[in-house]
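# A structural walkthrough
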Amino acid sequence: MAESIYGVYEENLIKIKENLEKRFEEYQQVIYKKTGDKAFEHMAVRIKSNESMREKCTRKGLPQTAESALSKIKDAIGFRIICPFVEDVFAIVEYIRSFDDSEIIAEKDYIRHAKPNGYRSYHIILAVHTDYPDVLGNEQGIYYAEFQIRTIAMDTWAALEHKLKYKKNIPNEALLVAELKKVADELASCDLSLQTIRELIEQA
């Protein structure tokens, strides 16, 4: 079994992941007590596996080192947060902005500005300032986490698109791509309709 690419810093990654995870669990409880609704349906959290990170370093032309994995590449810690409604996605984005020990260093709003294939999600790269040493020699080091925040409909589409994308020798591939884009647009329309229904219920 190959030695962990994260080296002595893997323990710090685990602590940071658990701390962030705890924050979202607490946020979930606060929102539920306040509104009776969940802030998100579910959350998947991971530290990128040694094998996956080594492969990504190679793909990006980087040496397979802890510095590459923790400084050059910024998704060693990954969160996927699935929300019931579009407004919940943006509420979580604002919650992340409120962290006083972190800063958003990159974000892409693929909800308002979908990818050409129809993919929708909100992506954030968060720099977390810690009391742990980092790979660059800082005693109060910075570690990175990637967030993908999306609705149930967006997540369903992304999962199916990912599965179909890796099928080989697909006949009429152009038609498949067009149909997937059509489904993505229809699901986006459903998300907006559901948001409207929710607002009407809340007003009532």
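Residues numbered from 1 in each chain as written. Predicted model: local features only at pLDDT ≥ 70, side-chain atom pairs only at ≥ 80, totals over all residues. Heavy atoms only, no water.

### Focus: the nonpolar core
In terms of nonpolar packing, the biggest core is built from 41 residues, with Leu20, Phe24, Ile81, Ile92, Ile96, Phe147 and Ile149 touching the most fellow members. Elements represented by at least two residues in this core include exactly helix H1 (10-35), helix H2 (50-59), helix H3 (66-72), strand E2 (77-83), helix H4 (86-97), strand E4 (122-129) and strand E5 (142-151). If one sorts the elements of this core by residue count, H4 sits on top with 7 residues. With residues up to four places along the chain from it excluded, the contact list for isoleucine 149 reads Ile81, Cys83, Val89, Ile92, Val93, Ile96, Ile111, Ser121, Tyr122 and Ile124. Counting residues in each nonpolar core, the second largest holds 6 residues, with Tyr119, Ala158, Leu180 and Ala184 among its members. (Core = buried A, V, L, I, M, F, W, Y, C linked by side-chain atoms within 4.5 Å. Buried < 20%, exposed > 50% of the residue type's maximum accessible area, 1.4 Å probe, protein only. Helix = DSSP H or I, 4+ residues; strand = E, 2+ residues; numbered from the N terminus. Contact = heavy atoms within 4.5 Å.)

### Quick word on the packing of aromatic side chains
When we look at a pair of aromatic rings, we describe it by the centre distance and by the angle of the planes. Tallied over the full model, the rule gives 9 aromatic pairs. Geometrically, the ring pair formed by phenylalanine 24 and tyrosine 95 is edge-to-face, given 5.5 Å between the ring centres and 80° between the ring planes. Taken together, the residues phenylalanine 24 in helix H1 and tyrosine 95 in helix H4 connect sequence positions 71 residues apart. For the pair shown, phenylalanine 24 and tyrosine 95 are each scored as buried. (Phe/Tyr/Trp six-rings, centres within 6.5 Å; stacked < 30°, edge-to-face > 60°.)

### Observations regarding the side chain of arginine 120
In this fold, arginine 120 is placed in the loop between strand E3 (102-109) and E4. With a relative accessible area of 16%, arginine 120 lands in the buried category. Only 3.1 Å separates the side chain of arginine 120 from the backbone oxygen of glycine 118, close enough to count as a polar contact. At 3.4 Å, the side chain of arginine 120 and the backbone oxygen of alanine 184 are in polar contact. (Polar contact = N/O pair within 3.5 Å; in protein donor to acceptor, adjacent residues only side chain to side chain.)

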